[in-house]
Amino acid sequence: MLQIENTLFTVVMLAYFAAMILYFAFIAVKKDGVARIAVGLQAAGLLLHTAALICRGIGAGRLPLTNQYEFATSFAWGLCLVSLIFIVRFKFPVLGAFAAPVTFLVIGYAAMQSKEVRQLMPALRSNWLGFHVSTAIIAYGAFGVSFVLSFIFLLRDRMKGRGFLDEHIPGREVLDVISYRSVSLGLLFLTFTIVTGAIWAERAWGSYWSWDPKETWSLVTWLVYAVYLHLRLRRGWQGRAAAIFAVVGFICVIFTYIGVNTFLPGVHSYA
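Criteria and cut-off values
Residues numbered from 1 in each chain as written. Predicted model: local features only at pLDDT ≥ 70, side-chain atom pairs only at ≥ 80, totals over all residues. Heavy atoms only, no water. Helix = DSSP H or I, 4+ residues; strand = E, 2+ residues; numbered from the N terminus. Rg over C-alpha atoms; globule rule 2.2 N^0.38 Å. Buried < 20%, exposed > 50% of the residue type's maximum accessible area, 1.4 Å probe, protein only. Contact = heavy atoms within 4.5 Å. Areas by Shrake-Rupley, 256 points an atom, 1.4 Å probe, with all protein chains shown as cover. Lys, Arg positive; Asp, Glu negative; His and termini not counted. Charge placed at Lys NZ, Arg CZ, Asp CG, Glu CD.

Topic: the overall build of the protein chain
Part 1: Across its full length, the protein chain carries 9 helices and 0 strands.
Part 2: Shown N-terminal to C-terminal, the secondary structure of the protein chain runs as helices and strands in the order α-α-α-α-α-α-α-α-α.
Part 3: Whereas a compact globule of 271 residues would reach a radius of gyration of roughly 18 Å, the protein chain reaches 19 Å, a difference of no more than 12%.
Part 4: Along the first, second and third principal axes, the C-alpha set of the protein chain runs to 60 × 50 × 30 Å.
Part 5: Residues classed as buried in the protein chain amount to 50% of the 271 residues present.
Part 6: Sequence-distant contacts in the protein chain: of pairs separated by 6 or more residues, those separated by 24 or more amount to 79%.
Part 7: Carbon together with sulfur atoms contributes 69% to the accessible area of the protein chain, which is approximately 12,700 Å² in total.
Part 8: Distance from the positive charge centre (22 side chains) to the negative charge centre (12 side chains) of the protein chain: 4 Å.

Written out as structure tokens, the structure reads:
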């Protein structure tokens, strides 16, 4: 099964890369047919990615969510899923031209990690693993999409070809609302991540919170997005300032995932 997973992983990388090129081609040639092919290829890649994760789980004899490779490829899966939902829901294929490179970079990061299957340490042998990590994947995917949407918001008025953009990119107000919804989804699942992690930590180590670097930066990320939502709901804060705030929030997400593991080792260093 692990050999099948390796093959599927390679095919998925190629599918995501091809979808990214087609999204770029859609913007260049301005043909809706190209966009439909790109969306279809992204959907096919997502299905194959799902199959690869299932094969990984069967081959490893556990949920494929316990090391850098497994979380990175799952992170890419979450990004692909959430971006595809927004692309289809809002008829917004231009989003793919910005989201696909982020997805490809994350799965490329996964490809650089060790794929070795190791025996789980005692702390990871818990039913809370699936709840904790799966909610983090959805949260990170939603935050990734909010980052892309905010980036498009900041660049929209500087893009050329306004007739094409007016047809295929929502107005600034709509972009702002979609980004807000994505942040709301991400914050909800990040809350689940922190709560399930605290319960799991108490079961594993006898303490709900230990100020481990990963825990601390997860809290920082949660606070950044919580402030974003508070200012928006209570102060009517939106537009350019909100978009910049969402970009900063995703930088915190990336540091929480990659930076903490690289520079601030702790009890989460295995993840």
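Considerations on the environment of C252
Part 1: Residue position: C252 is located in helix 9 (residues 240-263).
Part 2: We classify C252 as buried; its relative accessible area is 11%.
Part 3: On a C-alpha basis, the gap between C252 and S126 in space is 27 Å, while along the polypeptide they are 126 residues apart.
Part 4: Leaving out residues up to four positions away in the same chain, C252 has contacts with W217, T221 and V224.

None of this, on its own, says anything about what the molecule does.
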